[in-house]
Amino acid sequence: LNRHYFALPTNPGEQFFMFCTLAAWLITKAGHPFEQPQEYDDPNAIISNVLSQLRSFGRPVDFPLSKLKAGYGEQVCYVLDCLAEEALKYTGFSWKRPAYPTEELEEEEITEDDAELTLNKLEEDVVEEESDNEEDFIDLNVLKGQTFRSDMNDTPKHEEILQSTTDAVEWNLEVERVLPQLKVTVRTDNKDWRIHVDQMHQHKDGIESSLKETRGYLDKLHNEISRTLEKINSREKYINNQLEHLVQEYRSAQALLSEAKEKYQEGSGGVTERIKVLSEITEVLERVKQETEEKGSSMTDGAPLVKIKQALTKLKQETIHMDIQIGVMEHTLLQSKLKEKSNMARDMHAAMIPEATVGAY
């Protein structure tokens, strides 16, 4: 995916499926298990699940679901950005400090007498390139290096030359001809502390010049604000003087209102107590009314008499049954007594016959 894949419309169906797949992967990376969507799933359900997960991360969602169905746009990029940030937080990703490339310091060659410094090879190459681009200008450092090398190489020759054989007129003509081209340029080095000092002085001058202009505007603004405050104070004093009697009336009305509020609070407290007493009395009255109604209904109702009559008839029937049972029991008892008496008489008769027979013999 290129970096502008979700910014511009190319293929909405493919972009939407790719968005859902990437969002599900990011949610899983953020520590929330999320099922990977399929091509034939309901898009509304997928988008609602993704947005619910996004809300669970504490991210605001203030756009409708239809904005994500296209698969591209600002809302899609916003959702992916938020999910990517949550995934990076969960995985503990942290940005490292930038690694700056090390710059090689320019090596300087020191001569035997430590009186002059020569240019290194890198500076010579740069100077040669600049001299090729700017043929009409002469670099002072290159000129110094060339003169130094020529002095080192041609020392014995210079010692042999004692006087110049060049004509002064020709020398002047040559100087006049070359003079327009003798423009010396000095190549500045950004690491030089003198350049930083010059920049500091320039910035200081700029700040001072800007401060002079702004100080005038600030003084003007201060004067206007002070005048406005004086006008406001004077108007306030005038209004207070004009409305002093109304203020006093307002204060007296406030005092009366506070007294009335205190009386009202006292009266409301007594009313609430009396309302409680009244509610208790009404409850007792309702209970007494209910009891009287129950007693009155029981006195005027004939249902108890009917119950009593039914109970009496039932008692009569039970007494009749009891009399019958008593008669049966008396009859059975009489029969048992008679039977027992007959048995005793038979036994006695059987015992008396042998004695008579013994006495006869």
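The coordinates are above.
Owing to the predicted nature of the structure, the values given are computational and were not obtained by experimental measurement. (Residues numbered from 1 in each chain as written. Predicted model: local features only at pLDDT ≥ 70, side-chain atom pairs only at ≥ 80, totals over all residues. Heavy atoms only, no water.)

Undergrad: When you look at the overall build of the chain in this model, what are you seeing that I'm missing?
TA: Check the secondary structure of the chain and you find 11 helices and four strands. Buried residues in the chain amount to 12% of all 361 residues. Summarising the internal contacts of the chain: among those between residues at least 6 apart in sequence, 54% fall at separations of at least 24. As displayed, the chain has an accessible area near 31500 Å², and 57% of this comes from carbon and sulfur atoms. (Helix = DSSP H or I, 4+ residues; strand = E, 2+ residues; numbered from the N terminus. Buried < 20%, exposed > 50% of the residue type's maximum accessible area, 1.4 Å probe, protein only. Contact = heavy atoms within 4.5 Å. Areas by Shrake-Rupley, 256 points an atom, 1.4 Å probe, with all protein chains shown as cover.)

Undergrad: What is the right way to look at the pattern of salt bridges in this model?
TA: Side-chain pairs of opposite charge can arise whenever the charged atoms involved come near each other. Counted under the stated rule, the structure contains three salt bridges. The salt bridge involving Glu 86 is made with Arg 59; its shortest N-O contact spans 3.3 Å. Separated by 27 residues along the polypeptide, Glu 86 in helix H4 (residues 74-91) and Arg 59 in the loop between helix H2 (43-56) and helix H3 (66-69) bring together distant segments of the chain. For the pair Glu 86 and Arg 59, a shared accessibility class is recorded, and that class is buried. Between Arg 177 and Glu 174 there is a salt bridge, with its nearest N and O atoms 2.3 Å apart. Of this pair, Arg 177 and Glu 174 both sit in helix H8 (residues 168-178), separated by three residues, roughly a single helical turn. Under the relative-accessibility criterion, Arg 177 is labelled exposed at 55%. Each of the salt bridges in this network shares a partner with another, and the network as a whole consists of Arg 59, Glu 85 and Glu 86. (Salt bridge = Lys/Arg side-chain N within 4 Å of Asp/Glu carboxyl O.)

Undergrad: Could you clarify how one ought to interpret the packing of H2 against H4 in this entry?
TA: Relative orientation and spacing of two packed helices are given, respectively, by the angle between their axes and the distance between those axes. Packing of H2 against H4 brings their axes to within 11 Å, and their N-to-C directions diverge by 50°. In terms of axis orientation, H2 runs oblique to H4. In the packing of H2 onto H4, the handedness of the crossing is left-handed. On H4, the residues touching Val 50, Leu 51 and Leu 54 of H2 are Tyr 78, Val 79, Cys 82 and Leu 83. Its residues assigned to classes, the contact of H2 with H4 shows seven nonpolar, no polar and no charged. (Axes fitted to C-alpha atoms, helices over the stretch in contact; angles between N-to-C directions. Parallel < 35°, antiparallel > 145°, perpendicular 65-115°, else oblique. Left-handed = near helix turned anticlockwise from the far one by under 90°. Nonpolar A, V, L, I, M, F, W, Y, C, P; charged D, E, K, R; others polar.)

Undergrad: When you look at the side chain of Gln 15 in this model, what are you seeing that I'm missing?
TA: Here Gln 15 lies in helix H1 (residues 12-29). At 2.9 Å, the side chain of Gln 15 and the backbone oxygen of Leu 8 are in polar contact. Among residues more than four places away in sequence, those in contact with Gln 15 are Tyr 5, Phe 6, Leu 8, Pro 9, Thr 10, Ala 70, Gly 71 and Tyr 72. (Polar contact = N/O pair within 3.5 Å; in protein donor to acceptor, adjacent residues only side chain to side chain.)

Undergrad: Hey, could you run me through the packing of aromatic side chains in this one?
TA: Counted under the stated rule, the structure contains two aromatic pairs. Pairing Tyr 5 with Phe 6 gives two aromatic rings, centres 4.9 Å apart and planes at 90°, and the pair type is edge-to-face. As far as the burial class goes, Tyr 5 and Phe 6 line up, both buried. Plain terms: the ring middles of Phe 63 and Tyr 78 are 6.3 Å apart, the flat faces sit at 85° to each other, and that makes the pair edge-to-face. Here Phe 63, found in the loop between H2 and H3, pairs with Tyr 78, found in helix H4; they are 15 residues apart in sequence, far enough to count as distant. Under the relative-accessibility criterion, Tyr 78 is labelled partly exposed at 28%. (Phe/Tyr/Trp six-rings, centres within 6.5 Å; stacked < 30°, edge-to-face > 60°.)

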